[in-house]
Amino acid sequence: MRVPTYAPHLFEALPITSAGLRTLQVTTEHNVDSSAIQRLLNHLTAVPLDQLVGVEFSGSGRIASDASLSLCRYTFLQQNRSTLAHLNLSSFPLTSEDLEHIGSFPDVTKLALEQRGTSIQLSKFFEAIGSSFSSLRSIQVTLDDTIRDEVSIAVIEGLAPCRDLQSIYLESHRWKALTEQDVGELGRRWPEMEVFSLYQKTLYLNQVTTPLRILEDLAQVWSRTLHRTVMLFDTTMPLPGSSYVGSKFDKLETLFVGWSSLHERNVDDVAEFLKAVSTRPLDVVSFYEGYGSPGYSWGVVKDRVNAALAA
């Protein structure tokens, strides 16, 4: 059942809610009415749902975190703990304490959340996820919009109990550069990673970004599995020649470079390096557009890499 949060649609949907409902998707609009959401949750809590496998609250709106709404939300989720496999609560910014109150969901394999709190609370937040959702295969977390300092990938160490993770998508304003040691630890924890994304909303002046050669380290730990990665890259650092690249990706299809800059003078080296670590056509995606922009340079790289791989 899909319900937009305009009050008339929401209220019309209430009487037809079936006990056999398997998926619920609530799209929250920008000016979402918390009282309307609370009425929906109260109604769903009263329905004896025993087949619900997916719940999604997402959209442009964020729901105020007041005590009564929180209590209703937790009651509704706990009632369906034994059946839920997919859970998206992006419309409810949550703290680590909120997650502890929600409790354990041992069968949820796909989770999407928005974090509420400061950067120093991040480790505890991910520890709460690891404790409550140990069967995760896919996780998506957007960090609090007020966090503007560099965030280290080390904050997700608390996800270690989620041993079957295959997809990690994390979004913040600024990520600390990824190191070879970071990648080695990630590979040891989660050897079957298919999607690894450190999405950054903007590029900051003088920000230290991850050297592009980190792709060789990623290929070393996830050569057989990784097919998509998202990161900001530094393309000015020296790259190994093709004869010195020891690891290749078997399945990498998408390299999302976002706001990564690429000067024309570095195009040749970047293209040669990406050819060396790739074995199949590569979709290189940049935010920049237009002739003379980094996006144009990335487009040239993409064309050269794919032409060489097709030859």
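A short tour of the structure in this document, coming up. As the structure is a computational prediction, the values presented were derived from the model and not from experiment.

Focus on the overall build of the chain
Stage number 1. Check the secondary structure of the chain and you find nine helices and 13 strands.
Stage number 2. For the chain, the residues scored as buried account for 51% of the 311 residues in total.
Stage number 3. For the chain, the proportion of contacts with a sequence separation of at least 24, taken over those separated by at least 6, is 81%.
Stage number 4. Looking at the chain as shown, the accessible area adds up to about 14300 Å², and 49% of this sits on carbon and sulfur atoms.

Structural notes on the layout of surface pockets
Stage number 1. The space that makes up the largest pocket amounts to roughly 270 Å³.
Stage number 2. Looking at the largest pocket, it is lined by 18 residues, and the ones nearest its centre are Glu56, His86, Leu87, Asn88 and Lys110.
Stage number 3. Elements with a contribution of two residues or more to the lining of the largest pocket: strand 2 (23-28), strand 3 (54-59), strand 4 (86-88), strand 5 (110-114), strand 6 (138-142) and strand 7 (167-172).
Stage number 4. Broken down by class, the residue content of the lining of the largest pocket amounts to eight nonpolar, eight polar and two charged.

Remarks on the nonpolar core
Stage number 1. Core analysis: the largest hydrophobic core is formed by 80 residues, its most contacted members being Phe57, Phe76, Phe126, Ile129, Ile156, Phe196 and Leu274.
Stage number 2. Per-element tally for this core: the top contributor is helix 8 (residues 267-277), with seven residues.
Stage number 3. Apart from residues lying up to four places away in sequence, Ile156 is in contact with Phe126, Ile168, Leu170, Leu186 and Trp190.

Section: helix 2 (residues 34-46)
One full turn of an α-helix is made of 3.6 residues, so residues set three or four places apart face in the same direction.
Stage number 1. Given a rise of 1.5 Å per residue, 13 residues ought to cover 18 Å, and the 18 Å separating the end C-alpha atoms of helix 2 matches this to within 8%.
Stage number 2. For helix 2, the full list of buried residues reads Ser34, Ala36, Ile37, Leu40, Leu41, Leu44 and Thr45.

Describing the pairing of strand 6
Stage number 1. When you tally the buried positions in strand 6, you get four out of five residues, the bulk of the element.
Stage number 2. Pairing of strand 5 with strand 6 involves five bridges; the strand directions are parallel. Directly across from Lys110, in strand 6, lies its bridge partner Ser138.
Stage number 3. Once the chain exits strand 5 it traverses helix 5 (residues 122-132) before rejoining the sheet at strand 6, and the crossover so formed is right-handed.
Stage number 4. Strand direction decides the pairing type here: strand 6 and strand 7, joined by five bridges, are parallel. Paired with Val141 across the bridge in strand 7 is Leu170.

Let's talk about the packing of helix 6 (residues 180-189) against helix 7 (residues 214-222)
Stage number 1. Contact pair helix 6 / helix 7: the axes reach a minimum separation of 9 Å and the direction vectors enclose 20°. Here helix 6 is positioned roughly parallel relative to helix 7, judged by the angle of their axes. In this structure, helix 6 meets helix 7 at a crossing whose hand is right-handed. On helix 7, the residues that touch Glu180, Val183, Gly184, Leu186 and Gly187 of helix 6 are Ile214, Asp217, Leu218, Val221 and Trp222.
Stage number 2. In terms of residue class, the contact of helix 6 with helix 7 is made up of six nonpolar, two polar and two charged.

Quick word on the side chain of Thr209
Stage number 1. Secondary-structure assignment places Thr209 in the loop between strand 8 (195-200) and strand 9 (210-211).
Stage number 2. Here Thr209 falls in the buried class, since its relative accessible area comes to 12%.
Stage number 3. A distance of 3.4 Å separates a polar side-chain atom of Thr209 from the backbone nitrogen of Asp234.
Stage number 4. Among all residues touching Thr209, those that are not within four sequence positions of it are Ala177, Leu203, Leu232, Phe233 and Asp234.

Each value, and the rule that gives it
Residues numbered from 1 in each chain as written. Predicted model: local features only at pLDDT ≥ 70, side-chain atom pairs only at ≥ 80, totals over all residues. Heavy atoms only, no water. Helix = DSSP H or I, 4+ residues; strand = E, 2+ residues; numbered from the N terminus. Buried < 20%, exposed > 50% of the residue type's maximum accessible area, 1.4 Å probe, protein only. Contact = heavy atoms within 4.5 Å. Areas by Shrake-Rupley, 256 points an atom, 1.4 Å probe, with all protein chains shown as cover. 1 Å grid on protein atoms, 1.4 Å probe; cavity = no way out; pocket = protein on both sides within 12 Å on 5 of 7 lines; lining within 4 Å. Points joined across faces, edges and corners; volume = space filled by probe spheres on them. Nonpolar A, V, L, I, M, F, W, Y, C, P; charged D, E, K, R; others polar. Core = buried A, V, L, I, M, F, W, Y, C linked by side-chain atoms within 4.5 Å. Expected span 1.5 Å × (residues − 1). Pairing = 2+ DSSP bridges. Right-handed = clockwise from strand over helix to strand, strands pointing away. Axes fitted to C-alpha atoms, helices over the stretch in contact; angles between N-to-C directions. Parallel < 35°, antiparallel > 145°, perpendicular 65-115°, else oblique. Left-handed = near helix turned anticlockwise from the far one by under 90°. Polar contact = N/O pair within 3.5 Å; in protein donor to acceptor, adjacent residues only side chain to side chain.

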